[in-house]
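One letter stands for each residue in the lines below.
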Amino acid sequence: MKYIATAITVAFIYWLFRMDRHEEKRVSWALWIPIIWFGIICSRPVSFWLQPDRGSDFMNRYTESSPIDAAAYGALILAGLWVLNRRAPRVKQFLQVNLPVILFFFYCALSLMWSDDPMVGFKRWFKAAGEMVMVLLIVTDPDPEYAISRLYTRIGFVLLPMSVLFIYAYPELGTTYDPTEHVTMYTGVTTFKNLLGVTCMACGLGALWSFIGAHQDRRMANRARHLIAQGIALVLAVALVIRADSMTSFSSLMLAGGVMAASWLIWVQRRPPALVGAVLAAIGAAGFALFLSSGAGILEELGRNPTLTGRTMIWKAVLAQPINPLIGAGFESFWMGNRMESVWSMSQRGIQQAHDGYLELYLNLGWLGVALLGTLIVTGYFNGVSLFRRDPQAGRLRVTLLTAAVVYAFTEAGFRMLSPDWFGFLLAITAMPIAPAVETRVNAPSTLQGTRRAKEVRILG
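Draft legend 1. Here's a closer look at the overall build of the chain. Counting its regular elements, the chain contains 21 helices and 4 strands. Buried residues in the chain amount to 54% of all 461 residues. Expressed as a percentage of contacts within the chain between residues at least 6 apart in sequence, the contacts between residues at least 24 apart total 74%. Total accessible area on the chain stands at roughly 20,700 Å², and carbon and sulfur atoms take up 65% of it.

Listed below in C-alpha coordinates is the structure:
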(Lines give C-alpha, C1' and ligand atoms only; values in the text may rest on other atoms or scores of the structure.)
Protein backbone atom coordinates (compact mmCIF):
# COMPACT_ATOMS: atom_id res chain seq x y z
CA MET A 1 0.00 0.00 0.00
CA LYS A 2 2.87 2.39 0.80
CA TYR A 3 4.45 1.81 -2.59
CA ILE A 4 1.17 2.49 -4.37
CA ALA A 5 0.72 5.74 -2.41
CA THR A 6 4.30 6.74 -3.23
CA ALA A 7 3.80 6.07 -6.94
CA ILE A 8 0.56 8.07 -6.96
CA THR A 9 2.26 10.97 -5.18
CA VAL A 10 5.18 11.03 -7.60
CA ALA A 11 2.79 10.96 -10.56
CA PHE A 12 0.73 13.75 -8.99
CA ILE A 13 3.81 15.94 -8.49
CA TYR A 14 4.83 15.36 -12.11
CA TRP A 15 1.31 16.27 -13.26
CA LEU A 16 1.40 19.53 -11.27
CA PHE A 17 4.66 20.55 -12.93
CA ARG A 18 3.29 19.69 -16.36
CA MET A 19 0.16 21.72 -15.71
CA ASP A 20 2.15 24.77 -14.60
CA ARG A 21 4.83 24.62 -17.29
CA HIS A 22 5.70 27.94 -18.97
CA GLU A 23 6.93 27.42 -22.51
CA GLU A 24 7.70 31.08 -23.11
CA LYS A 25 9.64 31.83 -19.92
CA ARG A 26 12.95 30.60 -18.59
CA VAL A 27 15.08 31.27 -15.54
CA SER A 28 18.80 30.87 -14.97
CA TRP A 29 20.07 27.41 -14.05
CA ALA A 30 21.61 29.06 -10.98
CA LEU A 31 18.11 29.38 -9.50
CA TRP A 32 18.43 25.73 -8.46
CA ILE A 33 20.94 26.80 -5.81
CA PRO A 34 18.45 28.88 -3.75
CA ILE A 35 15.70 26.37 -4.54
CA ILE A 36 17.71 23.58 -2.91
CA TRP A 37 18.53 25.87 0.04
CA PHE A 38 14.87 26.87 0.45
CA GLY A 39 13.81 23.26 0.18
CA ILE A 40 16.12 22.30 3.04
CA ILE A 41 14.92 25.04 5.39
CA CYS A 42 11.29 24.27 4.49
CA SER A 43 11.66 20.58 5.34
CA ARG A 44 14.48 19.14 7.45
CA PRO A 45 18.29 19.37 7.48
CA VAL A 46 20.22 17.02 5.22
CA SER A 47 21.53 15.11 8.24
CA PHE A 48 17.95 14.44 9.38
CA TRP A 49 17.02 13.10 5.95
CA LEU A 50 19.95 10.69 6.14
CA GLN A 51 19.47 9.87 9.82
CA PRO A 52 16.02 10.91 11.15
CA ASP A 53 16.92 10.26 14.81
CA ARG A 54 20.39 11.56 15.54
CA GLY A 55 20.09 10.59 19.20
CA SER A 56 21.39 13.85 20.70
CA ASP A 57 19.73 15.89 23.40
CA PHE A 58 18.25 19.35 23.02
CA MET A 59 21.35 21.13 24.32
CA ASN A 60 23.71 19.41 21.89
CA ARG A 61 21.37 19.91 18.95
CA TYR A 62 21.39 23.64 19.55
CA THR A 63 25.09 24.18 20.22
CA GLU A 64 26.61 21.56 17.90
CA SER A 65 26.46 21.55 14.12
CA SER A 66 26.33 18.43 11.98
CA PRO A 67 29.33 18.12 9.60
CA ILE A 68 26.93 16.92 6.91
CA ASP A 69 24.74 20.01 7.25
CA ALA A 70 27.79 22.28 7.38
CA ALA A 71 29.12 20.71 4.18
CA ALA A 72 25.75 21.05 2.42
CA TYR A 73 25.27 24.69 3.37
CA GLY A 74 28.90 25.48 2.63
CA ALA A 75 28.72 23.95 -0.84
CA LEU A 76 25.58 25.92 -1.69
CA ILE A 77 27.12 29.17 -0.43
CA LEU A 78 30.32 28.64 -2.44
CA ALA A 79 28.31 27.82 -5.56
CA GLY A 80 26.23 30.93 -5.01
CA LEU A 81 29.28 33.14 -4.56
CA TRP A 82 30.76 31.76 -7.78
CA VAL A 83 27.61 32.73 -9.68
CA LEU A 84 27.45 36.16 -8.05
CA ASN A 85 31.04 36.79 -9.08
CA ARG A 86 29.91 36.38 -12.68
CA ARG A 87 27.09 38.86 -12.01
CA ALA A 88 29.32 41.49 -10.40
CA PRO A 89 27.73 44.55 -12.09
CA ARG A 90 24.24 43.64 -10.90
CA VAL A 91 25.53 42.73 -7.43
CA LYS A 92 27.11 46.17 -7.21
CA GLN A 93 23.73 47.73 -8.01
CA PHE A 94 22.18 45.66 -5.26
CA LEU A 95 24.72 46.83 -2.69
CA GLN A 96 24.08 50.43 -3.59
CA VAL A 97 20.33 50.26 -2.95
CA ASN A 98 20.32 47.93 0.07
CA LEU A 99 22.44 49.72 2.64
CA PRO A 100 19.95 49.11 5.52
CA VAL A 101 20.15 45.35 4.95
CA ILE A 102 23.93 45.46 4.83
CA LEU A 103 24.02 47.53 8.02
CA PHE A 104 21.81 44.99 9.81
CA PHE A 105 24.06 42.06 8.92
CA PHE A 106 27.14 44.08 9.79
CA TYR A 107 25.74 44.75 13.27
CA CYS A 108 24.92 41.04 13.63
CA ALA A 109 28.58 40.23 12.89
CA LEU A 110 29.79 42.95 15.26
CA SER A 111 27.65 41.54 18.08
CA LEU A 112 29.73 38.35 18.05
CA MET A 113 32.34 40.31 19.98
CA TRP A 114 30.22 39.99 23.15
CA SER A 115 28.79 36.54 22.44
CA ASP A 116 29.28 33.73 24.97
CA ASP A 117 30.75 31.56 22.21
CA PRO A 118 31.93 33.66 19.24
CA MET A 119 32.91 30.60 17.20
CA VAL A 120 29.45 29.04 17.37
CA GLY A 121 27.96 32.46 16.73
CA PHE A 122 30.16 32.98 13.68
CA LYS A 123 29.05 29.65 12.19
CA ARG A 124 25.45 30.79 12.52
CA TRP A 125 26.22 34.22 11.09
CA PHE A 126 27.95 32.57 8.13
CA LYS A 127 24.76 30.60 7.40
CA ALA A 128 22.70 33.77 7.82
CA ALA A 129 24.97 35.53 5.33
CA GLY A 130 24.48 32.51 3.09
CA GLU A 131 20.76 33.23 3.04
CA MET A 132 21.56 36.68 1.66
CA VAL A 133 23.65 34.99 -1.01
CA MET A 134 20.59 32.92 -1.95
CA VAL A 135 18.42 36.06 -2.06
CA LEU A 136 21.03 37.76 -4.25
CA LEU A 137 20.91 34.86 -6.69
CA ILE A 138 17.17 35.42 -7.04
CA VAL A 139 17.13 39.20 -7.28
CA THR A 140 19.95 39.28 -9.84
CA ASP A 141 18.22 36.72 -12.08
CA PRO A 142 17.31 38.10 -15.53
CA ASP A 143 13.63 37.93 -14.46
CA PRO A 144 13.49 38.29 -10.64
CA GLU A 145 9.70 38.21 -10.41
CA TYR A 146 9.42 34.98 -12.35
CA ALA A 147 12.35 33.53 -10.39
CA ILE A 148 10.45 34.09 -7.13
CA SER A 149 7.39 32.45 -8.63
CA ARG A 150 9.42 29.40 -9.65
CA LEU A 151 11.02 29.22 -6.21
CA TYR A 152 7.72 28.95 -4.35
CA THR A 153 6.08 26.81 -7.05
CA ARG A 154 8.79 24.16 -7.21
CA ILE A 155 9.04 23.84 -3.44
CA GLY A 156 5.26 23.85 -2.94
CA PHE A 157 4.59 21.29 -5.67
CA VAL A 158 7.08 18.88 -4.08
CA LEU A 159 6.86 19.37 -0.32
CA LEU A 160 3.08 19.74 0.05
CA PRO A 161 2.14 16.42 -1.63
CA MET A 162 5.08 14.71 0.08
CA SER A 163 3.83 15.93 3.46
CA VAL A 164 0.47 14.30 2.78
CA LEU A 165 2.29 11.12 1.81
CA PHE A 166 4.43 11.14 4.96
CA ILE A 167 1.49 11.79 7.28
CA TYR A 168 -0.80 9.08 5.94
CA ALA A 169 1.47 6.47 4.31
CA TYR A 170 4.64 6.87 6.41
CA PRO A 171 3.48 8.01 9.85
CA GLU A 172 6.83 7.07 11.35
CA LEU A 173 8.31 9.89 9.26
CA GLY A 174 5.41 12.35 9.13
CA THR A 175 4.08 12.27 12.69
CA THR A 176 5.42 12.47 16.24
CA TYR A 177 3.89 12.06 19.67
CA ASP A 178 3.71 14.89 22.18
CA PRO A 179 4.09 13.32 25.65
CA THR A 180 3.10 16.59 27.35
CA GLU A 181 -0.23 17.10 25.59
CA HIS A 182 -0.68 13.38 24.85
CA VAL A 183 -1.58 14.04 21.23
CA THR A 184 -0.20 13.13 17.81
CA MET A 185 1.62 15.95 16.03
CA TYR A 186 1.58 16.03 12.24
CA THR A 187 4.94 17.14 10.86
CA GLY A 188 4.93 15.98 7.23
CA VAL A 189 8.33 16.46 5.61
CA THR A 190 9.46 18.74 8.46
CA THR A 191 10.63 17.99 12.00
CA PHE A 192 7.92 19.82 13.96
CA LYS A 193 4.31 20.80 13.46
CA ASN A 194 5.02 24.55 13.60
CA LEU A 195 7.67 24.19 10.90
CA LEU A 196 5.13 22.36 8.74
CA GLY A 197 2.76 25.23 9.42
CA VAL A 198 5.18 27.96 8.36
CA THR A 199 6.16 25.97 5.27
CA CYS A 200 2.49 25.76 4.32
CA MET A 201 2.11 29.48 5.00
CA ALA A 202 5.01 30.33 2.68
CA CYS A 203 3.95 27.95 -0.09
CA GLY A 204 0.31 28.98 0.26
CA LEU A 205 1.10 32.67 -0.19
CA GLY A 206 3.33 31.86 -3.14
CA ALA A 207 0.55 29.81 -4.75
CA LEU A 208 -2.03 32.56 -4.16
CA TRP A 209 0.29 35.14 -5.71
CA SER A 210 0.88 32.99 -8.80
CA PHE A 211 -2.87 32.26 -9.02
CA ILE A 212 -3.69 35.98 -9.02
CA GLY A 213 -0.99 36.66 -11.60
CA ALA A 214 -2.37 33.95 -13.91
CA HIS A 215 -5.94 35.18 -13.42
CA GLN A 216 -5.02 38.74 -14.38
CA ASP A 217 -2.86 37.79 -17.37
CA ARG A 218 -5.51 37.10 -20.00
CA ARG A 219 -2.86 36.49 -22.66
CA MET A 220 -1.04 33.76 -20.72
CA ALA A 221 -0.69 30.52 -22.67
CA ASN A 222 -2.58 27.59 -21.08
CA ARG A 223 -3.92 29.97 -18.45
CA ALA A 224 -6.55 27.55 -17.14
CA ARG A 225 -3.90 24.89 -16.48
CA HIS A 226 -1.84 27.31 -14.42
CA LEU A 227 -4.91 28.33 -12.42
CA ILE A 228 -5.76 24.70 -11.67
CA ALA A 229 -2.22 23.80 -10.58
CA GLN A 230 -1.77 26.83 -8.32
CA GLY A 231 -5.29 26.46 -6.94
CA ILE A 232 -4.56 22.86 -5.94
CA ALA A 233 -1.32 23.92 -4.25
CA LEU A 234 -3.19 26.61 -2.31
CA VAL A 235 -5.85 24.13 -1.15
CA LEU A 236 -3.15 21.67 -0.07
CA ALA A 237 -1.34 24.38 1.90
CA VAL A 238 -4.50 25.43 3.77
CA ALA A 239 -5.53 21.84 4.47
CA LEU A 240 -2.09 20.90 5.80
CA VAL A 241 -1.70 23.93 8.03
CA ILE A 242 -5.08 23.10 9.57
CA ARG A 243 -4.04 19.48 9.98
CA ALA A 244 -0.79 20.56 11.66
CA ASP A 245 -2.81 22.66 14.11
CA SER A 246 -0.29 25.49 13.80
CA MET A 247 -2.52 28.41 14.68
CA THR A 248 0.16 31.07 14.26
CA SER A 249 0.89 29.98 10.69
CA PHE A 250 -2.81 29.57 9.90
CA SER A 251 -3.64 33.05 11.19
CA SER A 252 -0.69 34.59 9.33
CA LEU A 253 -1.72 32.82 6.12
CA MET A 254 -5.31 34.01 6.42
CA LEU A 255 -4.46 37.61 7.34
CA ALA A 256 -1.65 38.04 4.82
CA GLY A 257 -3.73 36.23 2.21
CA GLY A 258 -6.53 38.68 2.93
CA VAL A 259 -4.16 41.57 2.24
CA MET A 260 -3.15 39.97 -1.05
CA ALA A 261 -6.77 39.37 -2.00
CA ALA A 262 -7.61 42.99 -1.17
CA SER A 263 -4.80 44.16 -3.47
CA TRP A 264 -6.51 42.18 -6.24
CA LEU A 265 -9.48 44.55 -6.20
CA ILE A 266 -9.51 47.18 -8.92
CA TRP A 267 -10.43 50.04 -6.60
CA VAL A 268 -7.50 49.17 -4.30
CA GLN A 269 -5.12 49.20 -7.26
CA ARG A 270 -6.43 52.64 -8.18
CA ARG A 271 -6.09 53.83 -4.56
CA PRO A 272 -2.82 52.37 -3.16
CA PRO A 273 -3.34 54.01 0.28
CA ALA A 274 -6.22 51.56 0.73
CA LEU A 275 -3.63 48.78 0.72
CA VAL A 276 -1.97 50.40 3.73
CA GLY A 277 -5.34 50.26 5.48
CA ALA A 278 -5.63 46.54 4.72
CA VAL A 279 -2.15 45.93 6.14
CA LEU A 280 -2.87 47.90 9.32
CA ALA A 281 -6.18 46.06 9.73
CA ALA A 282 -4.47 42.66 9.45
CA ILE A 283 -1.72 43.54 11.93
CA GLY A 284 -4.21 45.21 14.27
CA ALA A 285 -6.52 42.19 14.24
CA ALA A 286 -3.65 39.87 15.16
CA GLY A 287 -2.45 42.17 17.93
CA PHE A 288 -5.94 42.60 19.35
CA ALA A 289 -6.58 38.86 19.53
CA LEU A 290 -3.19 38.08 21.08
CA PHE A 291 -2.35 40.86 23.46
CA LEU A 292 -5.55 42.58 24.59
CA SER A 293 -7.63 40.99 27.31
CA SER A 294 -10.81 41.64 25.36
CA GLY A 295 -9.42 39.43 22.61
CA ALA A 296 -9.13 36.39 24.87
CA GLY A 297 -12.47 35.11 23.65
CA ILE A 298 -11.14 34.96 20.11
CA LEU A 299 -8.26 32.75 21.25
CA GLU A 300 -10.65 30.40 23.00
CA GLU A 301 -12.79 30.19 19.86
CA LEU A 302 -9.63 29.19 17.96
CA GLY A 303 -8.89 26.47 20.49
CA ARG A 304 -6.10 28.32 22.32
CA ASN A 305 -5.91 29.36 25.97
CA PRO A 306 -5.23 32.96 27.06
CA THR A 307 -1.62 32.04 27.96
CA LEU A 308 -0.98 31.32 24.26
CA THR A 309 -0.07 27.69 24.97
CA GLY A 310 2.40 28.64 27.68
CA ARG A 311 4.08 31.45 25.76
CA THR A 312 3.43 34.07 28.45
CA MET A 313 5.34 31.89 30.91
CA ILE A 314 8.23 31.61 28.46
CA TRP A 315 8.29 35.38 27.94
CA LYS A 316 8.54 35.97 31.68
CA ALA A 317 11.34 33.42 31.95
CA VAL A 318 13.51 34.86 29.18
CA LEU A 319 13.03 38.44 30.37
CA ALA A 320 14.25 37.40 33.79
CA GLN A 321 17.67 36.51 32.36
CA PRO A 322 20.43 39.13 32.76
CA ILE A 323 21.53 40.64 29.41
CA ASN A 324 22.65 44.04 28.21
CA PRO A 325 19.38 45.67 27.07
CA LEU A 326 21.15 47.91 24.55
CA ILE A 327 23.20 45.33 22.66
CA GLY A 328 21.79 41.96 23.79
CA ALA A 329 23.64 38.68 24.22
CA GLY A 330 25.09 38.58 20.72
CA PHE A 331 23.86 37.20 17.40
CA GLU A 332 22.00 33.90 17.96
CA SER A 333 23.75 33.63 21.35
CA PHE A 334 21.04 34.03 23.99
CA TRP A 335 20.28 30.30 24.14
CA MET A 336 23.76 29.35 25.30
CA GLY A 337 25.34 28.44 28.59
CA ASN A 338 23.41 28.78 31.80
CA ARG A 339 20.62 30.90 30.31
CA MET A 340 19.06 27.96 28.50
CA GLU A 341 18.98 25.79 31.63
CA SER A 342 17.64 28.73 33.65
CA VAL A 343 14.79 29.34 31.20
CA TRP A 344 13.96 25.64 31.15
CA SER A 345 13.72 25.55 34.93
CA MET A 346 11.32 28.50 34.90
CA SER A 347 9.13 27.39 31.96
CA GLN A 348 9.41 24.12 30.04
CA ARG A 349 12.32 21.94 29.04
CA GLY A 350 13.36 21.71 25.42
CA ILE A 351 12.40 25.18 24.17
CA GLN A 352 15.04 26.98 22.11
CA GLN A 353 13.25 30.18 21.20
CA ALA A 354 11.26 32.92 22.93
CA HIS A 355 8.17 32.33 20.77
CA ASP A 356 8.13 35.99 19.83
CA GLY A 357 10.27 37.29 17.00
CA TYR A 358 10.69 40.78 18.39
CA LEU A 359 11.55 39.52 21.86
CA GLU A 360 13.97 36.97 20.38
CA LEU A 361 15.73 39.71 18.46
CA TYR A 362 15.91 41.90 21.57
CA LEU A 363 17.47 39.07 23.58
CA ASN A 364 20.17 38.54 20.95
CA LEU A 365 20.79 42.06 19.61
CA GLY A 366 19.22 44.39 22.16
CA TRP A 367 17.33 47.59 21.42
CA LEU A 368 19.84 48.49 18.70
CA GLY A 369 18.90 45.33 16.82
CA VAL A 370 15.19 46.01 17.30
CA ALA A 371 15.67 49.54 15.94
CA LEU A 372 17.49 48.21 12.86
CA LEU A 373 14.73 45.65 12.30
CA GLY A 374 12.11 48.39 12.60
CA THR A 375 13.98 50.37 9.95
CA LEU A 376 13.89 47.37 7.60
CA ILE A 377 10.15 46.87 8.15
CA VAL A 378 9.19 50.52 7.68
CA THR A 379 11.35 51.11 4.60
CA GLY A 380 10.19 47.79 3.19
CA TYR A 381 6.53 48.77 3.47
CA PHE A 382 7.10 52.19 1.95
CA ASN A 383 8.99 50.67 -0.95
CA GLY A 384 6.36 47.97 -1.37
CA VAL A 385 3.47 50.42 -1.58
CA SER A 386 5.49 52.61 -3.94
CA LEU A 387 6.10 49.62 -6.20
CA PHE A 388 2.43 48.65 -6.00
CA ARG A 389 1.57 51.95 -7.69
CA ARG A 390 3.76 51.01 -10.68
CA ASP A 391 3.52 47.22 -10.72
CA PRO A 392 0.63 45.80 -8.65
CA GLN A 393 1.64 42.16 -9.14
CA ALA A 394 5.20 42.67 -7.88
CA GLY A 395 4.16 45.11 -5.16
CA ARG A 396 1.46 42.90 -3.65
CA LEU A 397 3.97 40.10 -3.12
CA ARG A 398 6.33 42.35 -1.21
CA VAL A 399 3.63 43.81 1.01
CA THR A 400 2.08 40.39 1.65
CA LEU A 401 5.35 38.71 2.63
CA LEU A 402 6.12 41.58 4.99
CA THR A 403 2.67 41.38 6.56
CA ALA A 404 3.01 37.62 7.05
CA ALA A 405 6.43 38.05 8.69
CA VAL A 406 5.24 40.81 11.03
CA VAL A 407 2.17 38.84 12.16
CA TYR A 408 3.97 35.50 12.43
CA ALA A 409 6.64 37.03 14.68
CA PHE A 410 4.01 37.92 17.32
CA THR A 411 4.10 34.38 18.75
CA GLU A 412 7.02 32.67 16.97
CA ALA A 413 10.71 33.53 16.54
CA GLY A 414 10.12 34.68 13.00
CA PHE A 415 13.20 36.86 12.52
CA ARG A 416 15.57 33.95 12.83
CA MET A 417 17.93 32.47 10.29
CA LEU A 418 17.16 29.33 8.28
CA SER A 419 13.37 29.63 8.42
CA PRO A 420 10.91 30.04 5.51
CA ASP A 421 9.35 33.22 6.92
CA TRP A 422 12.75 34.89 7.41
CA PHE A 423 13.72 33.97 3.85
CA GLY A 424 10.49 35.54 2.61
CA PHE A 425 11.13 38.60 4.76
CA LEU A 426 14.55 39.07 3.17
CA LEU A 427 13.02 38.78 -0.30
CA ALA A 428 10.41 41.37 0.65
CA ILE A 429 12.78 44.01 2.00
CA THR A 430 15.41 43.60 -0.70
CA ALA A 431 15.74 46.11 -3.52
CA MET A 432 15.92 44.10 -6.75
CA PRO A 433 17.81 45.34 -9.83
CA ILE A 434 16.41 44.68 -13.28
CA ALA A 435 18.57 42.55 -15.51
CA PRO A 436 20.78 44.59 -17.83
CA ALA A 437 19.30 45.18 -21.26
CA VAL A 438 21.22 44.02 -24.32
CA GLU A 439 22.39 46.81 -26.62
CA THR A 440 24.10 46.16 -29.95
CA ARG A 441 26.36 48.82 -31.38
CA VAL A 442 25.58 48.89 -35.11
CA ASN A 443 28.83 50.44 -36.29
CA ALA A 444 31.14 48.60 -33.90
CA PRO A 445 33.35 45.65 -34.86
CA SER A 446 31.90 42.19 -34.29
CA THR A 447 34.08 41.65 -31.23
CA LEU A 448 32.33 44.53 -29.53
CA GLN A 449 28.79 43.66 -30.56
CA GLY A 450 26.47 42.34 -27.92
CA THR A 451 28.01 44.39 -25.10
CA ARG A 452 25.66 44.74 -22.17
CA ARG A 453 24.75 47.98 -20.47
CA ALA A 454 22.61 48.41 -17.33
CA LYS A 455 19.61 50.47 -18.36
CA GLU A 456 17.94 51.13 -15.05
CA VAL A 457 17.45 49.80 -11.56
CA ARG A 458 13.98 49.07 -10.35
CA ILE A 459 13.13 48.43 -6.73
CA LEU A 460 10.89 45.42 -6.28
CA GLY A 461 9.26 47.04 -3.29
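Draft legend 2. Main features of helix 5 (residues 67-86). End to end, helix 5 covers 29 Å across 20 residues, agreeing with the expected 28 Å (1.5 Å per residue, within 8%). Among the residues making up helix 5, those that are buried are Asp 69, Ala 72, Tyr 73, Gly 74, Leu 76, Ile 77, Gly 80, Val 83 and Leu 84. Contact partners of the buried residues in helix 5: helix 2 (32-41), helix 3 (46-50), helix 6 (88-97) and helix 8 (118-139).

Draft legend 3. A look at the pattern of salt bridges. According to the stated counting rule, one finds 4 salt bridges in the structure shown. Across the pair Glu 172 and Lys 2 runs a salt bridge, and its minimum N-O distance is 3.4 Å. You can see Glu 172 sitting in helix 10 (residues 171-174) and its partner Lys 2 sitting in helix 1 (residues 2-19), a full 170 residues away along the chain. Between Glu 332 and Arg 416 there is a salt bridge whose closest N-O contact spans 3.5 Å.

Draft legend 4. Region of interest: a nonpolar patch on the surface. Where nonpolar side chains cluster on the molecular surface, the patch consists of Leu 103, Phe 106, Leu 110 and Met 113 and spans about 440 Å² of accessible area. Relative to the helices and strands, Met 113 is located in the loop between helix 7 (99-110) and helix 8.

Draft legend 5. Looking closely at helix 12 (residues 223-244). For helix 12, which comprises 22 residues, the first-to-last C-alpha distance of 32 Å matches the rise-based estimate of 32 Å (1.5 Å per residue) to within 8%. Within helix 12, burial applies to Arg 223, His 226, Leu 227, Ala 229, Gln 230, Gly 231, Ala 233, Leu 236, Ala 237, Leu 240, Val 241 and Ala 244. Contacts from the buried residues of helix 12 go to helix 1, helix 9 (144-168), strand 2 (183-186), helix 11 (193-216) and helix 13 (247-264). Asp 245 lies just past helix 12 and shows a positive phi near 60°.

Draft legend 6. Highlighting the nonpolar core. Formed by 98 residues in total, the largest nonpolar core has its most connected members in Phe 38, Phe 104, Phe 105, Phe 423 and Phe 425. Among all residues touching Phe 104, those that are not within four sequence positions of it are Leu 361, Leu 365, Gly 369, Leu 372, Leu 373, Leu 376 and Trp 422. Counting 16 residues, the second-largest nonpolar core is a separate cluster that includes Trp 315, Val 343, Trp 344 and Leu 359.

Draft legend 7. Representation of the packing of helix 1 against helix 12 in the model. At a closest axis distance of 8 Å, the pairing of helix 1 and helix 12 adopts a crossing angle of 135°. One element, helix 1, and the other, helix 12, form an angle in the oblique class. Note on element contacts: helix 12 touches helix 1 through Arg 225, His 226, Ile 228, Ala 229, Ile 232 and Leu 236, opposite Phe 12, Trp 15, Leu 16, Arg 18 and Met 19. Of the residues contributing to the contact of helix 1 with helix 12, the split by class is 8 nonpolar, 1 polar and 2 charged.

Draft legend 8. Spotlight on the environment of Trp 264. Mapped onto the secondary structure, Trp 264 falls in helix 13. Sequence separation of Trp 264 and Ile 212 is 52 residues, and the distance between their C-alpha atoms is 7.4 Å. Look past the residues within four positions of Trp 264 in its chain and what remains in contact with it is Phe 211, Ile 212, His 215, Gln 216, Gln 269 and Arg 396.

Draft legend 9. Expanded view of unusual backbone geometry. You will see that Asp 245, though not glycine, has its phi angle at about 60°, which is positive. Relative to the helices and strands, Asp 245 is located in the loop between helix 12 and helix 13. Even without being a glycine, Glu 332 presents a positive backbone phi close to 50°. With respect to the element layout, Glu 332 can be found in the loop between helix 17 (311-319) and helix 18 (338-346). For Glu 332, a relative accessible area of 7% translates into the label buried.

Draft legend 10. Molecular detail of the packing of aromatic side chains. Under the definition given, this model contains 21 aromatic pairs. Between Phe 211 and Trp 264, the aromatic rings sit 6.4 Å apart at their centres with planes inclined by 85°, giving edge-to-face as the arrangement. Placement of the pair is Phe 211 in helix 11 and Trp 264 in helix 13, with a sequence separation of 53 residues. By relative accessible area, Phe 211 is classed as partly exposed at 22%. Taking 5.3 Å as the distance between ring centres and 20° as the angle between the ring planes, the aromatic pair formed by Trp 422 and Phe 425 counts as stacked. Here Trp 422 pairs with Phe 425, and both are found in helix 21 (residues 420-429), just 3 residues apart, close to one helical turn. The pair formed by Trp 422 and Phe 425 is uniform in burial state, with each residue classed as buried. Cation over ring: Arg 44 sits above Trp 49, and NZ or CZ is 5.0 Å from the ring centre. Over the ring of Trp 32 we find Arg 154, and its NZ or CZ is 4.6 Å from the ring centre.

What counts, and where the lines are drawn
Residues numbered from 1 in each chain as written. Predicted model: local features only at pLDDT ≥ 70, side-chain atom pairs only at ≥ 80, totals over all residues. Heavy atoms only, no water. Helix = DSSP H or I, 4+ residues; strand = E, 2+ residues; numbered from the N terminus. Buried < 20%, exposed > 50% of the residue type's maximum accessible area, 1.4 Å probe, protein only. Contact = heavy atoms within 4.5 Å. Areas by Shrake-Rupley, 256 points an atom, 1.4 Å probe, with all protein chains shown as cover. Expected span 1.5 Å × (residues − 1). Salt bridge = Lys/Arg side-chain N within 4 Å of Asp/Glu carboxyl O. Patch = residues over 30% accessible without salt bridge, like charges linked within 9 Å, V, L, I, M, F, W, Y side chains within 5 Å. Core = buried A, V, L, I, M, F, W, Y, C linked by side-chain atoms within 4.5 Å. Axes fitted to C-alpha atoms, helices over the stretch in contact; angles between N-to-C directions. Parallel < 35°, antiparallel > 145°, perpendicular 65-115°, else oblique. Nonpolar A, V, L, I, M, F, W, Y, C, P; charged D, E, K, R; others polar. Phe/Tyr/Trp six-rings, centres within 6.5 Å; stacked < 30°, edge-to-face > 60°. Lys NZ or Arg CZ within 6 Å of the ring centre and 35° of its normal.

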